[in-house]
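Chain and residue survey
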2 protein chains.
Amino acid sequence: MITLDILPKLEEIMEKQGLSPAIKDSVIKCSHFHSFPAPGLLIGVFMTDYALELLKATPDERLYGVSETHKCAPDALQAITHCTVGNNRLKVIPIGRFAITLNRKSWDPEIEGVRVFVDLDKLKKYPLIYAWFTNDPSFDHHGDSLPLLEEILTAGRTILSFEDVIVTTEAKKKWKSVICTQCGETIPDYLASGDLCMSCAGTHYYRKA
Amino acid sequence: MITLDILPKLEEIMEKQGLSPAIKDSVIKCSHFHSFPAPGLLIGVFMTDYALELLKATPDERLYGVSETHKCAPDALQAITHCTVGNNRLKVIPIGRFAITLNRKSWDPEIEGVRVFVDLDKLKKYPLIYAWFTNDPSFDHHGDSLPLLEEILTAGRTILSFEDVIVTTEAKKKWKSVICTQCGETIPDYLASGDLCMSCAGTHYYRKA
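Residues numbered from 1 in each chain as written. Chains lettered and ligands numbered in written order. Predicted model: local features only at pLDDT ≥ 70, side-chain atom pairs only at ≥ 80, totals over all residues. Heavy atoms only, no water.

Structurally, T134(A) can be placed in the loop between α6 (127–133) and α7 (146–155). At 2.7 Å, the side chain of T134(A) and the backbone oxygen of Y130(A) are in polar contact. (Helix = DSSP H or I, 4+ residues; strand = E, 2+ residues; numbered from the N terminus. Polar contact = N/O pair within 3.5 Å; in protein donor to acceptor, adjacent residues only side chain to side chain.)

Facing 63 residues of chain A, the contacting portion of chain B comprises 63 residues. Counting the surface chain A buries against chain B, the share from its top three residues, R97(A), E185(A) and Y205(A), is 15%. The interface formed by chain A and chain B includes seven salt bridges. In this structure, K208(A) engages E163(B) in a salt bridge whose closest nitrogen and oxygen atoms are separated by 2.5 Å. Applying the counting criterion to the chain A and chain B interface returns 41 residue pairs in polar contact (both at pLDDT 80 or more). Among the elements that take part in the side of chain A that touches chain B, strand β5 (residues 160–168) of chain A stands out by supplying six residues, more than any other. The residue makeup of the side of chain A that touches chain B, split by class, is 30 nonpolar, 20 polar and 13 charged. Relative to strand β8 (residues 206–208) of chain B, β5(A) runs antiparallel, the two sharing three bridges. (Contact = heavy atoms within 4.5 Å. Buried area = accessible area lost by both parts, 1.4 Å probe. Salt bridge = Lys/Arg side-chain N within 4 Å of Asp/Glu carboxyl O. Nonpolar A, V, L, I, M, F, W, Y, C, P; charged D, E, K, R; others polar. Pairing = 2+ DSSP bridges.)

Bringing the packing of aromatic side chains into the picture now. Evaluated as defined, the whole model comprises nine aromatic pairs over all chains. Centroid distance Y50(B) to F162(B): 5.9 Å. Interplanar angle 80 degrees. Geometry classified as edge-to-face. Residue Y50(B) is located in helix α3 (residues 39–54), and its partner F162(B) is located in strand β5 (residues 160–168); the two are separated by 112 residues in the primary sequence. Seen from their ring centres, F98(B) and F133(B) are 6.0 Å apart, and the 80 degrees between their planes marks the pair as edge-to-face. One end of the pair, F98(B), is in the loop between β2 (90–92) and β3 (99–104); the other, F133(B), is in helix α6 (residues 127–133), and 35 residues separate them in sequence. F133(B) carries the same exposure label as F98(B), and that label is buried. Across from the ring centre of W175(A), 3.9 Å away, lies the NZ or CZ of K71(B), which sits over that ring. (Phe/Tyr/Trp six-rings, centres within 6.5 Å; stacked < 30°, edge-to-face > 60°. Buried < 20%, exposed > 50% of the residue type's maximum accessible area, 1.4 Å probe, protein only. Lys NZ or Arg CZ within 6 Å of the ring centre and 35° of its normal.)

To continue, consider the relation of the copies chain A and chain B. Screw-axis analysis of chain A against chain B gives a translation of 0.0 Å along the axis, an RMSD of 0.0 Å, and a rotation angle of 180 degrees. Both copies of the chain, as the preceding transformation shows, are related through a two-fold rotation axis. Using C-alpha coordinates, one finds that chain A approaches the rotation axis most closely at V85(A), a distance of 4.0 Å. A shared interface surface links the copies, since 100% of the contact residues of chain A are contact residues in chain B too. (Least-squares fit on C-alpha atoms with pLDDT ≥ 70 in both.)

Further remarks concern the state of the cysteines. In this structure the tally under the stated criterion is zero disulfides over all chains. As a non-bridged cysteine, C180(A) has C183(A) as the owner of its nearest cysteine sulfur, 3.7 Å distant. (Disulfide = S-S within 2.5 Å.)

Looking now at unusual backbone geometry. A positive phi angle is found at S35(A), which is not glycine, with a value near 85 degrees. Tracing the chain through its elements places S35(A) in the loop between α2 (21–34) and α3 (39–54). Even without being a glycine, K56(B) presents a positive backbone phi close to 50 degrees. Among the structural elements, K56(B) can be located in the loop between α3 and β1 (63–67).

Residue and element names in this part refer to chain A. For helix α4 (residues 73–81), the buried fraction is high: nine of the nine residues fall into the buried class. Of the residues making up α4, those classed as buried are A73, P74, D75, A76, L77, Q78, A79, I80 and T81. Positive phi appears at H82, one or two residues downstream of α4, with a value of about 65 degrees.

This part is about the side chain of H34(B). Mapped onto the secondary structure, H34(B) falls in helix α2 (residues 21–34). Accessibility expressed as a relative area gives 1% for H34(B), which makes it buried.

Another point: the sheet that holds β2(B). Spatially, six strands are ordered β8(A)-β5(B)-β4(B)-β3(B)-β1(B)-β2(B) in an open sheet, and the strand pairing comes out mixed. Every other strand in the sheet has two partners, leaving β8 (206–208) of chain A together with β2 of chain B as the edge strands with one partner each. Each strand axis lies, on average, 30 degrees off the axis of its neighbour in the sheet, ignoring direction. Of the pairings in the sheet, the one linking strand β4 (residues 110–118) of chain B to β5(B) comprises nine bridges and is antiparallel in character. Of the residues in β5(B), the one forming a bridge with V118(B) is L160(B). α3(B) contacts β1, β3, β4 and β5 of chain B of the sheet and is inclined by roughly 145 degrees relative to β4(B). Helix α4 (residues 73–81) of chain B rests against β1, β2 and β3 of chain B of the sheet, and its axis sits at about 170 degrees to β1(B). (Axes fitted to C-alpha atoms, helices over the stretch in contact; angles between N-to-C directions.)

Residue and element names in this part refer to chain B. Packing of α2 against α3 brings their axes to within 10 Å, and their N-to-C directions diverge by 130 degrees. Overall, the two elements α2 and α3 adopt an arrangement that is oblique. Taken as a pair, α2 and α3 cross one another with a handedness that is right-handed. Across from I23, S26, V27, C30, S31 and H34 in α2, the residues of α3 making contact are L41, L42, V45, F46 and D49. (Parallel < 35°, antiparallel > 145°, perpendicular 65-115°, else oblique. Left-handed = near helix turned anticlockwise from the far one by under 90°.)

Where strands meet in a sheet, backbone hydrogen bonds hold them as pairs that are either parallel or antiparallel. One open sheet holds the six strands; their spatial order is β2(A)-β1(A)-β3(A)-β4(A)-β5(A)-β8(B), and the pairing between them is mixed. A strand with exactly one partner marks an edge of an open sheet, and here the two such strands are β2 (90–92) of chain A together with β8 of chain B. Neighbour to neighbour, the strand axes of the sheet diverge by 30 degrees on average, direction disregarded. Where strand β1 (residues 63–67) of chain A and β2(A) come together, three bridges link them in parallel fashion.

Now for the domain arrangement of chain A. According to the domain assignment, chain A contains domain 1 (4–168) and domain 2 (173–209). In this structure, domain 1 of chain A and domain 2 of chain A have C-alpha centres spaced 36 Å apart. (Domains from an automatic or database assignment.)

As structure tokens, this is what we get:
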């Protein structure tokens, strides 16, 4: 299992590879946020860094991101660009491709953005990343993970490709507050199911103890 | 519009109210992550702090969280407890109630947890929070937001209630990597739509520029 204890070794590798201070800082920041330096998180750091450069944007701008996977990549986007789930500037769309899209704010229904993705062809040069990424049965999930992490830090953005895209924007929803007649808690009207909230109407992820 | 520039004033208020160092640190940390100290984010900080205490847990434990709203609250959970979207320890379930659930790791199909929510009855003592929370037309979204933020920092956890719950856990999905025959990118088999990924099969959030 990878833990934060491996960070000093990753810092040594990054130093040796001559990675930029921005990448080094992001790897450390994202690892603490995510609670460990997962392989997909490190790739996510390079993806986010690449997307920012392609968009000629800086992390302090008001950006909007999409992650096409819930695995790791959203955390790099969140911790670096401040496009978060809670501030509604990150959408996770369950397509399952290891890809992100980044764009600026727009009041128009569409805006130019950039999509960065892991390119399977480019990955073939890196046997460990390839085996891990494609979930190949040959990959040892219980062995030493440092060689894989080192390969990712060595590959950097060379395993990525990008495309310029036009992203559909979303207008802020107008809403009224309504009270669920069963639990008495408030919900926005657009999430109500008749007089009930979705939980009382049947979406149960818990029961009372 | 609320920005990070208001943080020094919030720090003064927290000092005056005698809030704990943990709360003060969390307010600052979460505000930077979220990119500004949103009212819902501050409530989220108190909710997360309360849930941790009720669970007798610390933020460095392996915890699992649910937010019943995508608004603000997930960011407090993410930044404080490291239950994140990307490490799969946070689920955002679009019920719309301003509530979170927190529990420990379990290999069983169910585990005890705690659910913390904003209690509308308790909110009546705080006219600004009440008007903002219920999206009342009387609330001025363009005015000075400091009085609202101050009321939230003053109210603290007194506007919250909790219940002990039993949460359903989710086993890790086994998956194989498959290649979409149209775009050539890899996806987990459980997200494929025949030979295609969901994007090529029709889930479009962008088009090529």
